[in-house]
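Spelled out from the first residue to the last, the chains are:
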Amino acid sequence: MLSNNVAIDGGNENGTFRLSLSDTQTKGIVDNSSLKKNNAALNVNYNLNEKVTVSSSINYVQNSGRGRYGTGYDSRNPNQSFRQWYGVSTDMLAQKDAYESTGKNLTWNPYGFQAGEANRANPHYFDNYYWTANENYSTDSRNRLIGNFVVNYQLTDWFNIMGRVSNDTYNEIREERIAVGSTDPASYSKYQRSFTERNYDLIGSIKKDLSSDLNLNADVGLNIRRESWNQTTAETNGGLVVPNVYSFSNSVSSMEAPSEVEAQRSVDGYFGRASLGYKRFLFLDVSGRYDISSTLPDGENAYFYPAVALSMVYSEILGISGMDFGKVRVNFAQVGSDAPVQSINPVFTLNTPISGIALASATNTRLNANLKPEVTTGLELGFENKFANNRLGFDLTLYNSITANQILAAKVSSSSGSYYKYINAGDIQNQGVELSLYADIVKTEDFMWTTKVNWAKNVNEVVALDGDLTTYQLASVQGGITVEAEVGQPYGVIKGTNFVLDDAGERIVHDHPSGGVRYAKSSEPEVIGNMLPDWNAGWSNTFRYKNVSASALIDMQKGGQFFSLDTWYGYGTGIYDITAGTNDKGNPVRDAVEDGGGINIGGVVAATDADGAFILDDDGNKTSDGTVNEVYGYMGSYSNALGWATAPGALHVHDATYIKLRQVSIAYTIPQSKLEKIPFTAVTVAIIGKNLAILHKNAPYTDPESGLSAGNIQGYQSGAYPTVREIG
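Below is a short write-up of the structure.

One recurring pattern in soluble globular proteins is that nonpolar side chains are buried together. Counting 39 residues, the largest nonpolar core has Tyr 472, Tyr 491, Phe 563 and Leu 642 as the members making the most contacts within it. Looking at this core, the elements with two or more residues in it are β20 (407–411), β23 (447–465), β24 (471–477), β25 (481–486), β28 (517–519) and α5 (565–573). When sequence neighbours within four positions are dropped, the list of residues in contact with Leu 642 reads Tyr 519, Tyr 571, Ile 578, Ile 599, Met 635, Ala 647, Leu 651 and His 652. One finds Tyr 130, Trp 131, Ala 179 and Leu 240 within the second-largest nonpolar core, a separate group that totals 13 residues.

As structure tokens, this is what we get:
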């Protein structure tokens, strides 16, 4: 990554300005991938007179990307093949030479002699990596303008009125290409989107000492927010007539009608806040906001959410020896949220006409004219203390929050004509603790060492769902895995086939058709993991010796799980070392079990009756009398004891625990005495490294943070990329 930045600032007694320009160029870890970002920012502040001040800021950002690599189970994701299906003996330099010398898609896995002579060299399932990177690439660009204009009018020494208009607008284009000769049909697609958000604010502010002991800070105002966006997606149909010509007019067949979406959102908000301070030790903050949203039905589209905070600086009145500062705080707050756009009134999709006859279809998600606003209510208790001349301190927070009427798209029977329906799904509770500690271990004129520790734990539970629902599916992904919200469980549990255990908790195994044994699988999907961690922590240390400073940050996570499609497939295809080599007997793992091959998977033997049929429990799962298994697990083909064909999904749920060296920096600040003859007030030279090392992890073959999804849907990996180490 190469980054350049230049800034100019200046001003006089009436105003100031600052202009900055920056350019960042990043080369990706996949061939032919890059990202360029240009940014120009201008900030201006000017006093028109003693009472009126105007200010404005404008920020223009231009992004241009090329070769953004695919993610998940996608032919344009090289790690989907490298980590799941690739031939481990493939000579990548030979693959590179084959592409560069011929310009053709000559892959490690062609059809060969099973196909006709004309198709024998064609790729089977997987393209040449270098063909994918250089021919099946995407491009994208975005132009974004963010700005505001503010007028402040100081009516009196204690009352101020502020008017502000702000704007955030961008236009983007994304283009994707699949070249003629690829495993996937040749195609060209274009996605265009424009978005604008405007906010109009008018706020009156009071800052006044009501007496020598009591002061008041208060605001009252309104906010008008308007959002609009328009997007169009189109794609060729049936391939491309002329290779390397990426245009809709080059489509083999007539194109389907473009997908077009236009939507708006309007929110009008009225708010107020008052803060009272008494003798610098007792503080009361009260606030409230009333919003009216266009995305909720009439009668439910207005919602009020208040907040109250009380804090006391008890060190001001108690005079505790050795304590420099002590504060306790109690907060109560509600936050309201509206629905996604176009989620209450029926809308239809216009499809490609047939013989001039218009066609329309309902959306996949059924709308709901009875939605209510989503509300999160939280209670927080906190303590903050500093000791030893502010060299030691801690900040402790305990919290409890519950989100009611959460708006989600729930899966429904497809016989209804839709796959999902917007509902107020239910209540989700979060309880937790956050702790921050710091200490200036050494503090002299020339040397300083400061250490800080942050630790946080959150306990999450789905308390209730809509109506009679006991579970709600957030996602269904490859591998027979679902991510769900289930009553009584943390939000986002991972469900799939599980190991079957006997009464002693031992895994039950049974015969494999090819010899040896395999694990028994549960008859129905069960909870096999939880995407949420037990706790997170960070530890930073900062050192300074005269003009040299250095710092290091370590990140930690305990617990949380994820399902790996990489090992689910890769254990079956033999990519990973666990599936090859020799076993503890010194024999090749892939040999027949009767010849000494296989691996020791332990467990207990499934019980059978006199006729050899398995004895099942009431849930249809195999049982065992506890007889210890001494037969090795079969590893001779893709249907081995560990891969996707026979193993339970729980085998591929891995612990997301990690300890990482997240960042290290060292900097030197040139002394002021050496800058007298150059036009700079300060010069610092630094080198910074990010994502430098994984110090500890429990998950095999991957970075636990390299998940496929984010937000509500996590705990799933497929074609995971390595974390990029940055030094600059």
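Moving on, we come to the pairing of β24. Counting buried residues in β24 gives five out of seven residues, a clear majority hidden from the surface. Between β24 and β25, which follow one another and run antiparallel, lie three residues, and Gly 479 among them has a positive phi close to 105°.

Right, let's get into the side chain of Thr 657. Note on placement: Thr 657 falls in the loop between β34 (653–655) and β35 (658–669). Thr 657 sits in the buried class, given a relative accessible area of 8%. Reaching out from Thr 657, the side chain makes a polar contact with the backbone nitrogen of Gly 559 at a distance of 2.8 Å. Among the polar contacts listed, one links the side chain of Thr 657 to the side chain of Asp 655, at a separation of 2.9 Å. Each residue touching Thr 657, except ones within four places of it in the same chain, is listed here: Gln 557, Lys 558, Gly 559, His 696, Lys 697, Asn 698 and Pro 704.

Let us now look at the pairing of strand β18 (residues 374–387). With 14 bridges connecting them, strand β14 (residues 323–337) and β18 associate as antiparallel partners. The residue bridging Lys 327 from the neighbouring strand is Glu 384, located in β18. Pairing of β18 with strand β19 (residues 392–404) involves 13 bridges; the strand directions are antiparallel. Within the sheet, the bridge partner assigned to Leu 379 lies in β19 and is Asn 400. Between the antiparallel neighbours β18 and β19 lie four residues, among them Ala 388 with a positive phi of about 50°.

This paragraph deals with the layout of surface pockets. There is about 920 Å³ of room inside the largest pocket. Around the largest pocket, the lining comprises 33 residues; the ones closest to its centre are Met 1, Thr 26, Lys 27, Val 724 and Glu 726. Put simply, the parts of the chain that give the lining of the largest pocket at least two residues each are β1 (2–11), β2 (15–27), β3 (34–47), β36 (684–697) and β38 (726–727). If you tally residues by element for the lining of the largest pocket, the top one is β36, at three residues. Of the residues that constitute the lining of the largest pocket, the class distribution is twelve nonpolar, 15 polar and six charged.

Here three strands make up an open sheet; going across it, the order is β28-β27-β33 and the pairing mixed. Looking at the sheet topology across the chains shown, the edges are occupied by β28 and β33 (604–605). Where strand β27 (residues 508–511) meets β28, three bridges bridge the pair, whose relative direction is antiparallel. Directly across from Asp 511, in β28, lies its bridge partner Val 517.

The next subject is the environment of Leu 21. Residue position: Leu 21 is located in strand β2. A sequence separation of 17 residues divides Leu 21 from Asn 4, and the C-alpha atoms of the two residues are 8.3 Å apart. Every residue in contact with Leu 21, bar those within four places of it in the chain, is listed here: Asn 4, Asn 5, Val 6, Asn 39 and Ala 40.

Strand order in the open sheet formed by four strands is β24-β25-β26-β29, and the pairing between neighbours is antiparallel. Each end of this open sheet is capped by a strand with a single partner; those strands are β24 and β29 (526–530). Between one strand and the next, the sheet's axes are offset by a mean angle of 35°, whatever the strand orientation. Of the strand pairs in this sheet, β24 and β25 are connected by six bridges, and their pairing is antiparallel.

On to the pattern of salt bridges. For the structure shown, the criterion picks out 25 salt bridges. Between Arg 662 and Asp 555 there is a salt bridge whose closest N-O contact spans 2.8 Å. With Arg 662 in strand β35 and Asp 555 in strand β31 (residues 548–558), this pair connects stretches of sequence that are 107 residues apart. When its relative accessible area of 17% is taken as the criterion, Arg 662 is described as buried. Each of Asp 555, Lys 660, Arg 662, Asp 703 and Glu 705 takes part in salt bridges that share partners, so that together they form one network.

The rules behind each value
- Residues numbered from 1 in each chain as written.
- Predicted model: local features only at pLDDT ≥ 70, side-chain atom pairs only at ≥ 80, totals over all residues.
- Heavy atoms only, no water.
- Core = buried A, V, L, I, M, F, W, Y, C linked by side-chain atoms within 4.5 Å.
- Buried < 20%, exposed > 50% of the residue type's maximum accessible area, 1.4 Å probe, protein only.
- Helix = DSSP H or I, 4+ residues; strand = E, 2+ residues; numbered from the N terminus.
- Contact = heavy atoms within 4.5 Å.
- Pairing = 2+ DSSP bridges.
- Polar contact = N/O pair within 3.5 Å; in protein donor to acceptor, adjacent residues only side chain to side chain.
- 1 Å grid on protein atoms, 1.4 Å probe; cavity = no way out; pocket = protein on both sides within 12 Å on 5 of 7 lines; lining within 4 Å.
- Points joined across faces, edges and corners; volume = space filled by probe spheres on them.
- Nonpolar A, V, L, I, M, F, W, Y, C, P; charged D, E, K, R; others polar.
- Axes fitted to C-alpha atoms, helices over the stretch in contact; angles between N-to-C directions.
- Salt bridge = Lys/Arg side-chain N within 4 Å of Asp/Glu carboxyl O.

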